[in-house]
Amino acid sequence: MSLSFQPTANIKLVIWDLDETFWDGTLSEGGIRLIESNLAMVRTLADRGILSSIVSKNDREPVEAVLTQAGIWDHFVFPKISWNSKGSQIADILKQANLRPDNALFIDDNAINIEEARFRFPTMMIAYPHDVLPVLLSLPEAKGKNDREHSRLTQYKQLERKVVEQVESGLDNVEFLRQSDIRLRFDFDIEGNFDRIVELINRSNQLNYTKKRLDTEEALDEFREQMNRHDTFAAAIFASDRYGTHGLIGFYMQQRNERANRLVHYVWSCRMMNAGLEQYVYERLNKPELDVVEPVSNPISVFDVVDWVGEQSGGEDADAGVAKATQLLLLGSCDLTAVASYCSANRREYVNGVKHGIMTRYDDFGFLLGDADAIAASRVLPMLPAWDAAAFAAFDTALSESEIVIVSLFAALKGHHLVTGDGVVVRIHPEGLGHAIDSDPGAAWLADTAFYDITIERKLDLLARSIDRIDRGSPAARHKFLLGANTRDGQKPMRAEDRVLAEGYNAACEALCADRPDWVFVSIDAIITRDKLMDDRHYTRIGYLDIANHLNERIAAAQRKPTSSADPTPGSDRRLSKDPWSLAQFVSQSRKLSRLAIFGNRPKTHFAPIKQAVKLMPFSRILRRKIA
């Protein structure tokens, strides 16, 4: 018999024997005497967020009567009171509570029960009463956390009720989940939930898929710095079901841009294990790259489909039911990439992507106003690092079905344009097509391609045509938002020409929205404060969240727009080949450029710096004429 107790992990659950352990005497043989210090200990453990359970060889009814009279029965979760073996009863408790043996302490006075438990659960903490009870509350491993409101006990009592009801219902796990009315709420206020998120990351083992702890100041500083990045998205996840509210049960941190989509943190509380929540959220985030650090109790994907989870908006105590997610369409550049994650999960995004290793853009008048027949037949477009014919065709359907349309086209005013030999127009972004041209100046598709510089006045004409095209193609949309551009200095001064362009774009957008009742101009200058500017084009995570919150408030207040019989057939206006106006002809009427004038912002080849150097030479005009 051991004369001392040495804890091996933090204690989350204490499993009590009753006869000659929790009380003096044997209940089935006569009178017993309750030990007041043990009653007080169970209450103190609950105040610390540490659970208590029972494994006792007795009849349940007299045990429940004694403990109810003592006012302590409701402090126990998953009590197992029967004449079955204690090993099997302990196993049932751990399974139903979704806890590991490592964090459980079993207390019993009988050597046979002690040895059975040690054999069945080698990593569980096991002790005789006289070894552990005098010191239990003083152990650092039993300090728990302040939970005088017994929120943890309440959550596990709800879980207990759920387990009992499932057993009694006779339903299988999936059938039971479908009738449980599970609802998730995504709270993007990380700062307001910071302490609880850090605690979840540091305490959770079974469902902490990345195992990245925040247990040092350096780790916390790195976490805060990561949270401030414009391409970081994160949410605290709260859950409720027909059995009650379960509080903060999950957290993710996602890095998402045109080149990456990965989970930095992905962690869940074991309280909602086996409900498919990890899989639901992972699929909601478009299955990001995830380096799982074993061991974990559940793989991410368990079910064929998770169709029993709904989403809920509002505060932590909201009980408004689950509303159908609004269908959103987002068209634009990196600002919408960031904003999209904080809007409806039911969305279609036409934002930055990657093709042939080069960044592609959808904020392109060619994508909105191009000739559908020319695009479908083009042999050059598949070779370009740009949007493709499939996305062009799919956009019609997405636009016609969307209830909310969010557009950001400031970047469409920047850069030059090319017209392929088979009549397709594509914007040349310096970090996209500009790089491609630099990297492979002898590419076959360049042989019959012309480059043009369009004046700002003509670009604003294309902007108006694009808004009209979106307007005609979205009869189901309740609201259409046109995002403005920032005009203020970020951490570095804004270039004068960029500020003039942004101010002109904002004025044009305001005028376009003023003439169209379904459109709303969204002023970035009014929404994002200066301290949330990373530079003149990028904002902090909170800045993008501020934009999303503004949009979500407007979306929540929007009323469905009645569909008029005069509305066009969705997508019918897209076949501009039958329209006498042609984008390719429009662009070709602009100033033609030599290939030498096109290069990327950040050259990656030896050829690009040579082109830039030549362009700056006094005789460059002569060279350009010859090359053109």
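Before going into details, it helps to say that this report is about the structure given with it. These numbers were taken from a predicted model, which means no experiment stands behind them. (Residues numbered from 1 in each chain as written. Predicted model: local features only at pLDDT ≥ 70, side-chain atom pairs only at ≥ 80, totals over all residues. Heavy atoms only, no water.)

### Some points on the packing of helix α3 (residues 86–97) against helix α4 (residues 111–120)
Two numbers describe how α3 lies on α4: the axes approach to 9 Å, and their chain directions differ by 50°. Relative to α4, α3 is oriented oblique. Crossing hand, α3 versus α4: right-handed. Seen from α3, the contacting residues are Lys86, Gly87, Ser88, Ile90 and Ala91; seen from α4, they are Asn113, Glu116, Ala117 and Arg120. Looking at the contact of α3 with α4 residue by residue, the classes come out as 3 nonpolar, 3 polar and 3 charged. (Axes fitted to C-alpha atoms, helices over the stretch in contact; angles between N-to-C directions. Helix = DSSP H or I, 4+ residues; strand = E, 2+ residues; numbered from the N terminus. Parallel < 35°, antiparallel > 145°, perpendicular 65-115°, else oblique. Left-handed = near helix turned anticlockwise from the far one by under 90°. Contact = heavy atoms within 4.5 Å. Nonpolar A, V, L, I, M, F, W, Y, C, P; charged D, E, K, R; others polar.)

### Regarding helix α6 (residues 151–169)
The terminal C-alpha atoms of α6, which comprises 19 residues, lie 27 Å apart, in line with the 27 Å expected from a rise of 1.5 Å per residue. Along α6, the residues that are buried comprise Arg152, Leu153, Gln155, Tyr156, Gln158, Leu159, Glu160, Lys162 and Val163. One or two positions beyond α6, positive phi appears at Gly170, with a value near 80°. (Expected span 1.5 Å × (residues − 1). Buried < 20%, exposed > 50% of the residue type's maximum accessible area, 1.4 Å probe, protein only.)

### Quick word on the pairing of strand β14 (residues 347–350)
Inspection of the sheet shows strand β13 (residues 328–331) paired to β14 by 4 bridges, in the parallel sense. Residue pairing for β14: Leu331 is matched across the bridge by Tyr350. (Pairing = 2+ DSSP bridges.)

### Points about the pattern of salt bridges
Scanning all chains against the criterion turns up 34 salt bridges. Glu64 is paired through a salt bridge with Arg60; the nearest N and O atoms lie 3.7 Å apart. With Glu64 and Arg60 both in helix α2 (residues 60–69) and 4 residues apart, this pair spans about one turn of that helix. Given a relative accessible area of 31%, Glu64 falls into the partly exposed group. Judged by relative accessible area, which is 39%, Arg60 ranks as partly exposed. Through salt bridges that share partners, Asp17, Lys86 and Asp108 make up one connected network. (Salt bridge = Lys/Arg side-chain N within 4 Å of Asp/Glu carboxyl O.)

### Some points on the packing of helix α8 (residues 194–203) against helix α9 (residues 217–227)
Orientation of α8 relative to α9, taken along the N-to-C sense of each, is 120°, at an axis distance of 13 Å. With respect to α9, the axis of α8 lies oblique. Judged by the sense of rotation from one axis to the other, the crossing of α8 with α9 is right-handed. Residues Phe194, Ile197, Val198 and Ile201 of α8 touch α9, and the partners they reach there are Leu220, Phe223 and Arg224. The class makeup of the residues in the contact of α8 with α9 is 6 nonpolar, no polar and 1 charged.

### Section: the nonpolar core
Core analysis: the biggest nonpolar cluster contains 82 residues, and Leu184, Tyr252, Tyr266, Val281 and Ile547 have the highest contact counts within it. In terms of residue count, the dominant contributor to this core is helix α19 (residues 541–557) (6 residues). Dropping the residues within four chain positions of it, Tyr252 is found in contact with Phe186, Phe188, Phe233, Ala234, Ala235, Ile237, Leu263, His265, Tyr266, Val281 and Leu285. Formed by 64 residues, the second largest nonpolar core is a distinct cluster that contains Leu368, Leu418, Val419 and Ile454. (Core = buried A, V, L, I, M, F, W, Y, C linked by side-chain atoms within 4.5 Å.)

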